[in-house]
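# Examining the three-dimensional arrangement
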Amino acid sequence: MPDQALNDYIPILLLAGFAVSFASLNLIVSWLLGKRGGTNPDKESAFECGMKPLTPERRRFSVKFYLVAMLFILFDIEIVFLYPWAVTYKSLGMFGFIEMVLFIAVLIIGWWYVVAKGALDWGPRRPAVSVQSAAPSEQAS
Amino acid sequence: MNQDLIFYVASNLVKIIIFTHIALILAALMSLAERRVSAVMQSRLGPNRVGFGGILQPIADALKFIFKEDVVPGHVEKVLFVLAPAIALIPALLTLAVIPFGPPLEVLGREVPLVIADLDIGVLFVFAIASLGVYGIVFAGWASNSRYPMLGGVRASAQMISYELSLGLSVVGVFMVTGSLRMLDVVALQDDMWFCFTQPVGFLVFVICAFAETNRLPFDMPEAETELVAGYHTEYSSMKFAMFFMGEYTAMFVFSGLIATLFLGGWDIPFMSAETFAALGNWGALLGFASFMAKCCAFLFFYIWVRWTIPRFRFDQLMSLGWKVLLPLAIANVLATGLFNLPS
């Protein structure tokens, strides 16, 4: 078959078409056949365990989530660099191994710095005594 | 040449229809099995009224979902709110593309591999598409404009991206041994020895991350019903609600398939070599397919089993497990694999 690399992606396109039409069909069918009920203030309001919401819904959330997202991007890119290396590992020889040990060493230093800075500690700010921070890691290991 | 292309496209259409239906029907049965097995584990009966032993329960559920009122509350961001369930479902179906279901089948004198697309980037494609599933959950949480969905969505994003790191790293060891990302190559190389024996640490990390990526207990923080009502899909009703579950169960099936392919030998049966499969012809293909499905179903059962065995993690425990335990473990696995397979 000519142009094998491109032909490989024809099924993906077909599958994407199937997935998109299946998802939209679900939405349309339930919209067409679903019961139509009237509306009332309680139905329109946000769910709050039966109470009327007292404060606006958009609330602040911890900046830690942004931090995790940023760290993810850094580490994920480094992991993606590992893939071509892993695939060609056997043909690279000793050079490839040493090179990657150095690369991973840099990765680990970065990781250690992030952990030491407390970027991955959740909950209240670091307690003076490490009772609380010791407990989760004990359970996790 | 033209005939080849027609056959190629037609066979792929048939494969797509069959494989997606297998995944969706399995997802439906999984929603029943989930309740029945849970019931058995808690000495209850579970839903057993519709059809023989409750086997038609998923169909009853689907009908009910379709005819329920599709509530779109006034306070939501309408466009994202409607799109979110579709975005959660589509990537789950797309990732099916590279899962090999069995040895090649022979149809009309042509060899048809039982995989929708045998891409040379294989696993990378799964990771790329599966991570898009996060958007569905984050959009749902954000667009709902409500307290619990918001918390669920934010948690989901942090959890899924954190575990994606270890997930991606845990398979690097496998690819150092195979030297290829192509799924069929990975299966072929496990003919003698499954990678779960040669890569035990990678296997362990991958399984744990698979639980976190599909938001299953003990890592179901995004929906944690005891604290967040229903997490990111609190405000959803009708078919939109069901689509999140279809997406989740399909993703569970895909991850079971990935585990089976990468670590449990794919369609391989112990002490049966690839030549034996080839000698059996199409029966061999069916046998391989059955073996692959058996492994998947065993893992799907394992998902339910774990759900009722291990309690839910706290969020800080979850994050420190991902970043401080699994990530270093996965890195150590890469280094160890490098040492054991030192190129001479």
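Residues numbered from 1 in each chain as written. Chains lettered and ligands numbered in written order. Predicted model: local features only at pLDDT ≥ 70, side-chain atom pairs only at ≥ 80, totals over all residues.

### Some thoughts on the overall build of chain A
- Along chain A, the regular secondary structure elements total seven helices and zero strands.
- When its helices and strands are written in sequence order, chain A yields α-α-α-α-α-α-α.
- When the 141 residues of chain A are sorted by exposure, 13% land in the buried category. (Helix = DSSP H or I, 4+ residues; strand = E, 2+ residues; numbered from the N terminus. Buried ≥ 20, exposed ≤ 12 C-beta atoms within 10 Å, placed from the backbone.)

### Points about the overall build of chain B
- Counting secondary structure elements, chain B contains 15 helices and two strands.
- Relative to the compact-globule value of 20 Å for 344 residues, chain B shows a C-alpha radius of gyration of 21 Å, a close match.
- Along the three orthogonal principal directions, the C-alpha set of chain B runs to about 60 × 45 × 45 Å.
- Scored against the burial criterion, the 344 residues of chain B give a buried share of 55%.
- Contacts in chain B between residues at least 24 apart in sequence constitute 79% of all its contacts with a sequence separation of at least 6. (Rg over C-alpha atoms; globule rule 2.2 N^0.38 Å. Contact = placed C-beta atoms within 7 Å.)

### A short note on the interface of chain B and chain A
- Chain B puts 68 residues into the contact, and the matching count from chain A is 65 residues.
- For the side of chain B that touches chain A, the element with the highest residue contribution is helix α15 (residues 315-340) of chain B, accounting for 14 residues.
- Tallied by class, the residues present in the side of chain B that touches chain A amount to 44 nonpolar, 16 polar and eight charged. (Nonpolar A, V, L, I, M, F, W, Y, C, P; charged D, E, K, R; others polar.)

### Brief notes about helix α10 (residues 200-213) of chain B
All names here are of chain B.
- The terminal C-alpha atoms of α10, which comprises 14 residues, lie 20 Å apart, in line with the 20 Å expected from a rise of 1.5 Å per residue.
- In terms of residue burial, α10 counts as a mostly covered element, since 10 of its 14 residues are buried.
- For α10, the set of buried residues is G202, F203, V205, F206, I208, C209, A210, F211, A212 and E213.
- Just downstream of α10, N215 is the residue with a positive phi angle, here 55°. (Expected span 1.5 Å × (residues − 1).)

### Some remarks on the domain arrangement of chain A
- Taken domain by domain, chain A holds domain 1 (4-44) and domain 2 (64-125).
- A separation of 38 Å is found between the C-alpha centroids of domain 1 of chain A and domain 2 of chain A. (Domains from an automatic or database assignment.)

### Quick notes on helix α3 (residues 78-94) of chain B
- For α3(B), spanning 17 residues, the distance from its first C-alpha to its last is 25 Å, which sits close to the expected 24 Å at 1.5 Å a residue.
- Its maximal kink placed at B:A84, α3(B) deviates by approximately 30°, while the proline B:P85 follows within four residues.
- In terms of burial, α3(B) is largely enclosed, as 12 of its 17 residues are buried.
- Burial in α3(B) covers these residues: B:F81, B:A84, B:P85, B:A86, B:I87, B:A88, B:L89, B:I90, B:P91, B:A92, B:L93 and B:L94.
- For α3(B), the elements touching its buried residues are α2 (10-33) of chain A together with α1 (2-41), α4 (122-130), α5 (133-143) and α12 (238-263) of chain B. (Bend = angle between axes of the 7 residues up to and from the residue.)

### As for the packing of α1(B) against α12(B)
Residues and elements named next belong to chain B.
- It is the contact of α1 with α12, at a shortest axis distance of 9 Å, that shows an interaxial angle of 105°. It follows that α1 is roughly perpendicular to α12 by the angle criterion. Seen from α1, the contacting residues are A23, L24, L26, A27, M30 and S31; seen from α12, they are F245, M246, Y249, T250, M252 and F253.
- Of the residues assigned to the contact of α1 with α12, the class counts are 10 nonpolar, two polar and no charged. (Axes fitted to C-alpha atoms, helices over the stretch in contact; angles between N-to-C directions. Parallel < 35°, antiparallel > 145°, perpendicular 65-115°, else oblique.)

### Section: the confidence of the model for chain B
Residue and element names in this part refer to chain B.
- Across chain B, the average pLDDT comes to 84, with 98% of residues at or above 70.
- The element-level mean pLDDT for chain B is lowest in helix α11 (residues 225-228), coming to 72, with α10 highest at 90.
- Reported confidences for the modelled complex are a pTM of 0.86 and an ipTM of 0.81. (pLDDT = per-residue confidence, 0-100.)

### Quick look at the confidence of the model for chain A
- Mean pLDDT for chain A: 77, with 77% of residues reaching 70 or above.
- Across residues 137-141 of chain A, confidence stays below pLDDT 50; counting only partners more than four residues off in sequence or on other chains, it has eight contacts.

### Regarding unusual backbone geometry
All names here are of chain B.
- At S43, a position not held by glycine, the phi torsion is positive, near 55°.
- If you trace the backbone, S43 turns up in the loop between α1 and α2 (57-67).
- One non-glycine residue, N215, lies in positive phi territory at about 55°.
- Here N215 shows up in the loop between α10 and α11.
- Judged by the 25 C-beta atoms lying within 10 Å of it, N215 falls in the buried class.

### Here we look at the environment of B:L26
- If you trace the backbone, B:L26 turns up in helix α1.
- Taking the C-alpha atoms as reference points, B:L26 and B:A62, separated by 36 residues in sequence, lie 14 Å from one another.

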